Amino acid sequence: MDGQGGASGVAAQAGAGAQGGIAAGGGGAQVGGAAANAGAAGSADAPGLALLYADHSSADKEAKTASRSIRPNFLIENQGEASVPMAELSVRYYYTLEAASTQTFVCDFVNKDAVVDDCDRVKAAFGSLNGTEAKHYVEVTFEPANGAAWLLPPLGGQSGIIQVRFYNGNFTPQDQTNDYSFDPTKVDVPEPWQHVTLYRRGVLVSGLEPN
């Protein structure tokens, strides 16, 4: 496969911060013109940035009520007039654990020809919430290696597909049907979705945070 090779995992207790980046191989895709149609409701600053999402559970057929892994695909698009460093951005995916568990994050695929071209530099931390719509989240961040810019070009520049997954210790099944960010109608090819959020330097720029 054409993407970054390798595999490893980093585990963390849900609700406590932890970081991990993991590599694997695969191919890539481009999704055009999405930021212009993504909408800006509930977001602040830099409306030219949009976060696209798809579920990648088609890679592992299993009941959504008993999923061994949660498998979101992300793509970030820049419709602004200036380049944006990926290191300034972070993505949150929201869900609710059925029971407390350690969790492991894995970056499965990025395209070696895309802006984000190294899964080892895609990091994550788990956190917890006190709201009613979601109790947990995984925050994905980007740490390009020394000398790598990872700049999102202006006027439609894209990060490339960022395919990740995370799972409970011992693969304890998770029920995705009550997860704030999960949408089974969005499969494999990322598209606009307000239930995942994008931040620039800690400020919400795309999506709606759960209550």
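Coordinates for the structure precede this section.
Let us look at the structure shown here. (Residues numbered from 1 in each chain as written. Predicted model: local features only at pLDDT ≥ 70, side-chain atom pairs only at ≥ 80, totals over all residues. Heavy atoms only, no water.)

1. Quick notes on the pattern of salt bridges
Selection rule: We define a salt bridge as a contact between a side-chain nitrogen of Lys or Arg and a carboxyl oxygen of Asp or Glu at a distance within 4 Å. The helix count covers DSSP runs of H or I at least four residues long, the strand count covers runs of E at least two residues long, and both are numbered beginning at the N terminus. Think of it in three bands: residues with accessible area under 20% of the maximum for their type are buried, residues over 50% are exposed, and the middle band is partly exposed, with areas taken using a 1.4 Å probe on protein chains only.
In the structure shown here, the tally under the stated rule is six salt bridges. Note that Glu88 and Arg200 form a salt bridge whose closest N and O atoms lie 2.7 Å from each other. Taken as a pair, Glu88 in the loop between β4 (84–85) and β5 (89–95) and Arg200 in strand β13 (residues 196–200) lie far apart in primary sequence, 112 residues in all. Judged by relative accessible area, which is 18%, Arg200 ranks as buried. Glu139 is the salt-bridge partner of Arg92, the closest N and O atoms lying 2.7 Å from each other. In this pair, Arg92 is assigned in strand β5 and Glu139 in strand β8 (residues 136–142), connecting sequence segments 47 residues apart. Several salt bridges converge on common partners, so that one network encompasses Glu88, Arg200 and Arg201.

2. Examining the state of the cysteines
Here is the rule: Cysteine sulfur atoms are paired as a disulfide whenever they fall within 2.5 Å.
Under the counting rule described, the total for this entry stands at one disulfide. Note that Cys107 is cross-linked by a disulfide to Cys119, the S-S spacing being 2.0 Å. Here the disulfide of Cys107 and Cys119 is left-handed, its torsion about the S-S bond being about -60°. Highlighted residues: Cys107 in strand β6 (residues 102–110) and Cys119 in the loop between β6 and β7 (122–128), separated in sequence by twelve residues.

3. A word on the packing of aromatic side chains
Applied cut-off: Stacked, edge-to-face and tilted labels apply to pairs of Phe, Tyr and Trp rings (six-membered ring for Trp) whose centres lie within 6.5 Å, assigned for plane angles under 30 degrees, over 60, and everything in between, in that order. Only when the NZ atom of a Lys or the CZ atom of an Arg is both within 6 Å of the ring centre and within 35 degrees of the ring normal do we say a charge sits over the ring.
According to the stated counting rule, one finds seven aromatic pairs in the structure shown. Considering the side-chain rings of Tyr53 and Tyr93, the 6.1 Å spacing of their centres and the 40° angle between planes classify their relative orientation as tilted. With a gap of 40 residues between them, Tyr53 in strand β2 (residues 49–55) and Tyr93 in strand β5 connect regions that are remote in the sequence. In this structure Tyr53 comes out as buried when scored by relative accessible area, which is 0%. Residue placement shows Arg92 over the ring face of Tyr137; its charged tip is 3.9 Å from the ring centre. Taking NZ or CZ as reference, Arg92 lies 5.5 Å from the ring centre of Tyr199, over its face.

4. Comments concerning the sheet that holds β8
Quick reminder of the rule: Two strands are counted as paired when DSSP detects at least two bridges linking them. Note on definitions: angles span 0 to 180 degrees between N-to-C directions of axes, and those axes are lines fitted to C-alpha atoms, for helices only across the stretch in contact.
Pairing is antiparallel across the open sheet formed by five strands, whose spatial order is β7-β8-β5-β13-β14. Two strands in the sheet have a free side with no partner beyond their single neighbour: β7 and β14 (203–206). Strand-to-strand twist of the sheet, defined as the mean angle between neighbouring strand axes without regard to direction, takes the value 30°.

5. Section: the pairing of β2
Taken across its seven residues, β2 has seven buried, putting it largely inside the fold. Burial of β2 is two-sided: the residues Leu49, Leu51, Tyr53 and Asp55 facing one way and the residues Ala50, Leu52 and Ala54 facing the other way are all buried. Strand direction decides the pairing type here: β2 and strand β3 (residues 72–78), joined by seven bridges, are antiparallel. Bridge pairing in β3 places Ala54 opposite Asn73. The pairing of β2 with strand β12 (residues 191–192) spans two bridges and is antiparallel.

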